[in-house]
Amino acid sequence: MHRLHTRASLLLFGLVMGFILACRHTPPETEAAANPPGQDATLRGGWWRDAVFYEIFVRSFADADGDGVGDFRGLREALPYLSGLGVNAVWLMPIHPSPSYHGYDVTDDRAVNPQYGSLEDFRQFIDSARAQGVRVIIDFVMNHASREHPWFQDAVRDPKSPHRDYFVFKDAPDERWKRPWDGGSVWYPAKDGVYYGLFWEGMPDWNLRNPDVEAHMIESMRFWLRLGVAGFRVDAARHLFESGDGVLVDQPENHAFMKRVRAALEPEFPEMLLVAEAWSDTETVAAYYGQGDEFHLAFSFDLAAAVKTSVNDGNRADLNQALARAQKAYVDRAFEAPFLANHDMQRVMRSFGGDAQKAKLAASALMALPGTPFLYYGEELGMQGGPSSKDEDKRTPFPWGKSSGVVASWYPFDEKPEVSLEVQRGQAESVYETYRRLIETRKNEPALRRGEVVLVPIRGGGRGTVAVLRRLKEDSVLFVANFADEPAEVSVSVPVRGAVLFSLGSVETTDGPELSLRLGPRSAAFMK
């Protein structure tokens with residue numbers, strides 16, 4: 001989600017929450033090793049269980065017409081690149097008309113941004129993607145509109161307009177309503193009153209209690225599904241409804257609304273995917289599963305923070321804690337969408353201070369986790385983005401290479417020379433080739449895609465070592481890693497032979513009644 005003027009405060013909120021969670025007591029490792037009673041050995045889920053998703057900011061990805069802005073034609077021409085990487089699903093950030101560069105303030109949710117091309121250009125991209133085995137989901141912003149949306153403009157001009165009830169207007173500000181992350185005001189002046197905009201004045205919130213607004217949202221989603229879109233990432237899922245006394249997050253109506261949306265769409269589109277952006281702790285995110293009748297996936301924000309912290313600190317504690325909490329919180333581990341960073345966060349490589357080995361280690365851990373992994377475009381090249389906290393620096397153009405002719409120039413920014421597809425492709429130890437091999441390993445192993453997860457007790461190695469077993473019926477794959485910057489010797493009791501599927505750094509097995517390994521600094525392996 002794009003926060004605009006509230007971005008700095010939301011970032012602070014996220015950092016504080018992450019720090020609080022990271023400081024909680026780490027449960028004993030043996031507690032995490034047991035699966036909840038009755039957990040199905042084969043995690044449930046649809047086609048997305050076999051997918052690796054790739055998040056794309058269209059403006060920054062591939063510019064086919066040379067105007068400096070990425071476009072649908074560029075996306076279409078980039079499909080072989082995505083297939084070569086191993087990606088088989090794409091999430092596009094907002095593609096709709098909008099007065100802003102980011103697109104999260106939408107003026108027409110059944111049209112496309114003309115800077116990206118025409119609706120026919122988009123249709124051709126969808127058809128080409130489907131022909132190459134790549135499914136496409138799009139951002140859908142149902143929490144708020146743009147203040148330039150024609151219906152909102154009508155509501156402001158005429159207080160008696162039926163569109164007035166499509167948004168949230170009051171005669172005067174209700175001071176009990178405050179932004180959850182910084183306590184700021186959410187009311188903005190309009191003719192004969194004020195209107196509610198949670199994120200800023202340019203994004204008035206929809207009144208989703210109005211049946212006409214709900215019907216409009218469902219029909220808009222149906223429009224895109226009929227066009228060939230495979231589903232939606234629902235922006236700001238925690239903020240769809242508000243209580244009368246000013247609780248602006250995680251209302252019961254959020255859940256009831258999403259049940260109705262899913263029930264309305266699934267009969268015609270049984271393979272549709274709904275992904276929740278519910279930026280919160282694991283337990284809150286888990287609630288958006290409902291009874292298996294709300295969202296199909298939700299991003300694992302705690303887990304993203306935990307992986308990066310464990311890799312940076314050389315200590316498994318945060319990752320173990322996050323996995324243990326997830327095991328207790330989620331009825332179905334297939335509900336999780338693990339990731340390392342997105343368009344609202346500092347890029348992964350920058351969070352590791354440019355350390356490529358750390359970035360590769362984090363990517364290895366990502367591919368070992370249950371659920372459906374998401375990558376942020378350029379992550380596979382080690383993009384750092386700009387140094388500031390502004391959103392544009394998190395969404396800089398993809399570095400295809402100077403001779404490619406498709407680099408988007410809307411936001412001039414140069415990565416380091418080695419952060420280029422031209423340079424890294426074919427280089428065995430590059431970040432790109434590491435990602436490609438990791439994705440291939442996951443795609444080749446059903447246990448990594450659909451198996452249950454067990455956090456395995458590990459002997460020796462210090463606090464930098466971790467072992468995760470993915471198990472699908474009689475098939476098992478072990479992920480073992482050493483996050484520390486010194487070597488480690490470990491032993492684990494697992495039903496694997498020790499055949500190495502993928503290794504990062506130095507990994508050696510030794511003979512004995514148990515699987516014993518010598519792990520070099522910041523190393524990892526998948527074994528079966």
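Focus: the overall build of the protein
Moving on, step 1. Helix and strand counts for the protein come out as 16 helices and 20 strands.
Moving on, step 2. In terms of overall size, the protein behaves like a compact globule, its C-alpha atoms giving a radius of gyration of 23 Å where 528 residues would be expected to give roughly 24 Å.
Moving on, step 3. C-alpha atoms of the protein, sized along the principal axes, occupy 80 × 55 × 45 Å.
Moving on, step 4. Out of the 528 residues belonging to the protein, those deemed buried represent 62%.
Moving on, step 5. Of the contacts formed within the protein by residues at least 6 apart in sequence, a portion of 69% connects residues at least 24 apart.
Moving on, step 6. Taken as a whole, the protein presents about 19,200 Å² of accessible surface, with 52% of it coming from carbon and sulfur.
Moving on, step 7. Side-chain charges of the protein comprise 59 positive and 73 negative groups, with the mean position of each set lying 2 Å from the other.

Remarks on the sheet that holds strand S5 (residues 187-190)
Strand pairing in a sheet relies on backbone hydrogen bonds, with the paired strands running either antiparallel or parallel.
Moving on, step 1. One open sheet accounts for three strands, arranged S4-S6-S5; its pairing is antiparallel. Two strands in the sheet have a free side with no partner beyond their single neighbour: strand S4 (169-170) and S5.

What to know about the sheet that holds strand S20 (residues 523-527)
Moving on, step 1. If you walk across this open sheet you meet the five strands as S12-S14-S15-S20-S17, and the pairing is antiparallel. The open sheet has two edge strands, strand S12 (452-455) and strand S17 (500-504), and neither has a second partner. Direction aside, the axes of adjacent strands within the sheet are offset by 15° on average.
Moving on, step 2. In terms of strand pairing, S17 meets S20 through four bridges, oriented antiparallel. Opposite Ser503, over in S20, you have Ala525 as the bridge partner.
Moving on, step 3. Sitting on the sheet, helix H13 (residues 356-368) is in contact with strand S14 (465-472), strand S15 (475-482), S17 and S20, with an inclination near 25° to S20.

Describing the environment of Val456
Moving on, step 1. Its place among the elements puts Val456 in the loop between S12 and strand S13 (459-460).
Moving on, step 2. Residue Val456 is classed as buried on the basis of its relative accessible area of 7%.
Moving on, step 3. Excluding residues within four positions of it along the chain, Val456 makes contact with Ala467, Val468, Leu469, Val492, Ser493 and Val494.

So, the packing of helix H10 (residues 301-313) against helix H11 (residues 317-329)
Moving on, step 1. Viewed as axis vectors pointing N to C, H10 and H11 meet at an angle of 160°, and their least axial separation amounts to 7 Å. One way to sum up the angle between H10 and H11 is to call them roughly antiparallel. The two elements H10 and H11 meet at a crossing, and its hand is left-handed. Contact residues: H10 offers Asp302, Leu303, Ala306, Val307, Thr309 and Ser310, while H11 offers Ala317, Asp318, Leu319, Ala322, Leu323 and Arg325.
Moving on, step 2. Residue composition of the contact of H10 with H11, by class: seven nonpolar, two polar and three charged.

Section: the packing of aromatic side chains
Moving on, step 1. Counted under the stated rule, the structure contains 47 aromatic pairs.
Moving on, step 2. Plain terms: the ring middles of Trp91 and Phe374 are 6.2 Å apart, the flat faces sit at 70° to each other, and that makes the pair edge-to-face. Highlighted residues: Trp91 in strand S2 (residues 89-92) and Phe374 in strand S11 (residues 374-376), separated in sequence by 283 residues. Taken individually, Trp91 and Phe374 each receive the classification buried, so the pair is uniform in this respect.
Moving on, step 3. Ring pairs connect the aromatic residues Trp47, Trp48, Phe53, Trp91, Trp279, Phe299, Phe301, Phe339 and Phe374, which therefore count as one cluster.
Moving on, step 4. Sitting over the face of the ring of Trp410, Arg59 holds its NZ or CZ atom 5.9 Å from the ring centroid.
Moving on, step 5. Positioned above the aromatic ring of Tyr377 is the side chain of Arg347, whose terminal nitrogen or guanidinium carbon lies 4.7 Å from the ring centre.

Points about unusual backbone geometry
Moving on, step 1. Of note in the backbone geometry, Ala236 takes a positive phi value of approximately 55° without being a glycine.
Moving on, step 2. Structurally, Ala236 can be placed in the loop between strand S7 (231-234) and helix H8 (252-265).
Moving on, step 3. One non-glycine residue, Lys473, lies in the positive phi region at around 55°.
Moving on, step 4. By the secondary structure assignment, Lys473 is in the loop between S14 and S15.

Here's the deal with the pattern of salt bridges
Side chains bearing opposite charge may pair, as long as their charged atoms lie close to each other.
Moving on, step 1. Counting across every chain of the model gives 37 salt bridges.
Moving on, step 2. The shortest N-O distance in the salt bridge between Asp182 and Arg179 comes to 3.0 Å.
Moving on, step 3. As a salt-bridge pair, Arg325 and Asp302 come within 3.3 Å of each other at their nearest N and O atoms. Note that Arg325 is positioned in helix H11 and Asp302 in helix H10, a separation of 23 residues in sequence.

Here we look at the side chain of Thr434
Moving on, step 1. Examined against the element boundaries, Thr434 turns out to sit in helix H15 (residues 431-444).
Moving on, step 2. Beyond its immediate chain neighbours, meaning those up to four positions away, Thr434 contacts Lys360, Glu429 and Phe502.

Some thoughts on the side chain of Asp281
Moving on, step 1. Summarising the element assignment, Asp281 is placed in the loop between strand S8 (273-276) and helix H9 (282-286).
Moving on, step 2. Within the buried core, Asp281 has no salt-bridge partner, and the shortest N-O distance to an opposite charge, that of Arg325, equals 4.6 Å.
Moving on, step 3. In this structure the side chain of Asp281 is engaged in a polar contact, spanning 3.4 Å, whose partner is the side chain of Ser280.
Moving on, step 4. A polar contact of 3.1 Å, which involves the side chain of Asp281, links it to the backbone nitrogen of Glu283.

What about the pairing of strand S19 (residues 515-519)?
Moving on, step 1. Of all five residues in S19, four are buried; the element is thus mostly enclosed.
Moving on, step 2. In terms of strand pairing, strand S16 (residues 488-492) meets S19 through five bridges, oriented antiparallel. If you follow Glu489 over to S19, its bridge partner there is Arg518.
Moving on, step 3. Both strand S18 (residues 507-510) and S19 contribute to a ladder of four bridges, which runs antiparallel. Bridge pairing in S19 links Glu508 to Arg518.

Considering the nonpolar core
Moving on, step 1. Judged by nonpolar contacts, the single largest core of 160 residues is most densely connected at Phe53, Tyr54, Phe61, Leu92 and Phe122.
Moving on, step 2. It is H13 that provides the largest number of residues to this core, a total of eight residues.
Moving on, step 3. When residues no more than four places from it in sequence are discounted, the contact partners of Phe53 are Trp47, Trp48, Ala89, Val90, Trp91, Ile137, Leu273, Thr372, Pro373, Phe374 and Leu375.
Moving on, step 4. Within the second largest apolar cluster, 17 residues are counted, among which are Val480, Val507, Leu517 and Met527.

What counts and what doesn't
Residues numbered from 1 in each chain as written. Predicted model: local features only at pLDDT ≥ 70, side-chain atom pairs only at ≥ 80, totals over all residues. Heavy atoms only, no water. Helix = DSSP H or I, 4+ residues; strand = E, 2+ residues; numbered from the N terminus. Rg over C-alpha atoms; globule rule 2.2 N^0.38 Å. Buried < 20%, exposed > 50% of the residue type's maximum accessible area, 1.4 Å probe, protein only. Contact = heavy atoms within 4.5 Å. Areas by Shrake-Rupley, 256 points an atom, 1.4 Å probe, with all protein chains shown as cover. Lys, Arg positive; Asp, Glu negative; His and termini not counted. Charge placed at Lys NZ, Arg CZ, Asp CG, Glu CD. Pairing = 2+ DSSP bridges. Axes fitted to C-alpha atoms, helices over the stretch in contact; angles between N-to-C directions. Parallel < 35°, antiparallel > 145°, perpendicular 65-115°, else oblique. Left-handed = near helix turned anticlockwise from the far one by under 90°. Nonpolar A, V, L, I, M, F, W, Y, C, P; charged D, E, K, R; others polar. Phe/Tyr/Trp six-rings, centres within 6.5 Å; stacked < 30°, edge-to-face > 60°. Lys NZ or Arg CZ within 6 Å of the ring centre and 35° of its normal. Salt bridge = Lys/Arg side-chain N within 4 Å of Asp/Glu carboxyl O. Polar contact = N/O pair within 3.5 Å; in protein donor to acceptor, adjacent residues only side chain to side chain. Core = buried A, V, L, I, M, F, W, Y, C linked by side-chain atoms within 4.5 Å.

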